[in-house]
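Below, each chain spelled out in residue letters.
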Amino acid sequence: MGRIRENVERILNEIPDYVRLEIAAKTRSAEEIREAIDAGVHIIGENYIKDVKKVYPLLGKIAQWHFIGSPDMQKHDLLKNKYLEIFDMIETVDSEKIAIEINEKCKKIGKTMDVLIEVNSGREVQKSGVMPEDTLELVKKLGSLENIRIKGLMTMGPRLGNPEDSRPFFKETKRIFDEIKKLNMPGVEMKYLSMGMSNSYKIAISEGANIIRLGTVIFGPREL
Ligand SMILES: *Cc1c(COP(=O)(O)O)cnc(C)c1O
């Protein structure tokens, strides 16, 4: 113990104040997550509802909870009232279909869900996310859904050996972010740009990220 706190404090010292630090908490214990939050992390990002089931009862609302996994694959659980109530934001909306489903379920519980649109900035066939050229059109379609609020964009980008190689994908996502922001559409507030992981967060920040999602650099390697 103590190592997680040190890592968080070092990173918080390194990044500008406006950047929100999110932990990618998959496979981590409630104890590890608590240490990160106590050290100043703002957001808990979870990919899997099965992890939320384990740690949420022990932690509760000690920070913001964001869903960063595939909504399509975990719809059965994610769309339960309980989990819609836990999450403050779903960062990975990438189709009209899933947005409509989230909207309808949220309407039933009287909640308006903040969402980010996930962009497949690397145009990788196996990855989730909307294609860069289709992002604006998707945002236009979702603007009228009353129980979701579009708050920005999220991207992963390809996994690359050299972090510098991620830059063009971050740049492209920021360009789309700015383009949509300029249009000032009703129901759309381009406020958050979530990009950058352990190996690439410095580059992501230099390209305009204001949420970074970090796992390994805070907790150490994952054992699966
Ligand atoms: C695991 C994960 C991260 C963080 O990955 P690290 O390389 O461990 O920092 C960020 N975003 C998402 C969506 C993830 O699943």
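An unreviewed UniProt entry lists the protein chain under the name Pyridoxal phosphate homeostasis protein, from candidate division TA06 bacterium. Regarding the protein chain, the relevant UniProt record gives this comment under Function (unreviewed entry): "Pyridoxal 5'-phosphate (PLP)-binding protein, which is involved in PLP homeostasis." According to its UniProt record, the protein chain has this under Cofactor (unreviewed entry): "pyridoxal 5'-phosphate".

Q: Account for the overall build of the protein chain, with residues named and values stated.
A: The secondary structure content of the protein chain amounts to ten helices and eight strands. At 17 Å, the protein chain has a C-alpha radius of gyration in line with the 17 Å of a compact globule built from 224 residues. Judged by the C-alpha coordinates and their principal axes, the protein chain covers about 45 × 40 × 30 Å. Taken across its 224 residues, the protein chain has 53% of its residues classed as buried. Residue pairs at least 24 apart in sequence account for 62% of intrachain contacts in the protein chain once pairs closer than 6 positions are excluded. Side-chain charges in the protein chain split into 36 positive and 35 negative, and the spacing between the mean points of these groups amounts to 2 Å.

Q: Requested: an account of unusual backbone geometry, with residues and values cited.
A: One non-glycine residue, Arg123, lies in the positive phi region at around 50 degrees. Tracing the chain through its elements places Arg123 in the loop between strand E5 (113-119) and helix H7 (135-142). Residue Arg123 is classed as partly exposed on the basis of its relative accessible area of 43%. With phi around 45 degrees, Asn184 is a residue other than glycine that occupies positive phi space. Within the secondary structure layout, Asn184 lies in the loop between helix H8 (167-182) and strand E7 (188-194). Residue class for Asn184 comes out exposed when judged on its relative accessible area of 66%.

Q: Explain the UniProt feature "modified residue: N6-(pyridoxal phosphate)lysine" (unreviewed entry) in the protein chain residue by residue, including any values.
A: UniProt annotation of "modified residue: N6-(pyridoxal phosphate)lysine" (unreviewed entry) refers to Lys26 when read in the numbering used here. Looking at where Lys26 falls in the secondary structure, it is placed in the loop between strand E1 (20-24) and helix H2 (30-38). If near-sequence neighbours (up to four positions away) are discounted, Lys26 is found in contact with Gly45, Glu46, Asn47, Tyr48, Asp51 and Arg222.

Q: Report on the site of the ligand, specifying residues and quantitative values.
A: Taken together, 13 residues form the shell around the ligand, and within it Lys26, Asn47, Ser198, Gly215 and Thr216 come nearest. In the environment of the ligand, an oxygen atom lies 2.7 Å from a nitrogen or oxygen atom belonging to the side chain of Lys26. Side-chain polar atom of Ser198 to an oxygen atom of the ligand: 2.5 Å apart, as the coordinates give it. Protein contact buries 95% of the 390 Å² of open area that the ligand shows by itself. Tallied by class, residues from the shell around the ligand come to five nonpolar, four polar and four charged.

Q: Explain the pairing of strand E8 (residues 211-214) to me, using residue names and the numbers behind them.
A: Here E8 shows a buried face lined by Ile211 and Arg213 and a second buried face lined by Ile212 and Leu214. Examined bridge by bridge, E1 and E8 share four bridges and lie parallel to one another. Looking across to E8, one finds that Ile23 is bridged to Leu214.

Q: Mind laying out the packing of aromatic side chains, listing which residues take part and the relevant values?
A: By the definition in use, this model includes two aromatic pairs. An angle of 65 degrees between the planes, with centres 5.2 Å apart, marks the rings of Tyr56 and Trp65 as edge-to-face. A cation over a ring is seen here: Lys50 above Tyr48, with NZ or CZ 4.7 Å from the ring centre.

Criteria and thresholds
- Residues numbered from 1 in each chain as written.
- Predicted model: local features only at pLDDT ≥ 70, side-chain atom pairs only at ≥ 80, totals over all residues.
- Heavy atoms only, no water.
- UniProt positions renumbered as here; feature names shortened; annotations may be inferred.
- Helix = DSSP H or I, 4+ residues; strand = E, 2+ residues; numbered from the N terminus.
- Rg over C-alpha atoms; globule rule 2.2 N^0.38 Å.
- Buried < 20%, exposed > 50% of the residue type's maximum accessible area, 1.4 Å probe, protein only.
- Contact = heavy atoms within 4.5 Å.
- Lys, Arg positive; Asp, Glu negative; His and termini not counted.
- Charge placed at Lys NZ, Arg CZ, Asp CG, Glu CD.
- Near = heavy atom within 4 Å.
- Polar contact = N/O pair within 3.5 Å; in protein donor to acceptor, adjacent residues only side chain to side chain.
- Areas by Shrake-Rupley, 256 points an atom, 1.4 Å probe, with all protein chains shown as cover.
- Nonpolar A, V, L, I, M, F, W, Y, C, P; charged D, E, K, R; others polar.
- Pairing = 2+ DSSP bridges.
- Phe/Tyr/Trp six-rings, centres within 6.5 Å; stacked < 30°, edge-to-face > 60°.
- Lys NZ or Arg CZ within 6 Å of the ring centre and 35° of its normal.

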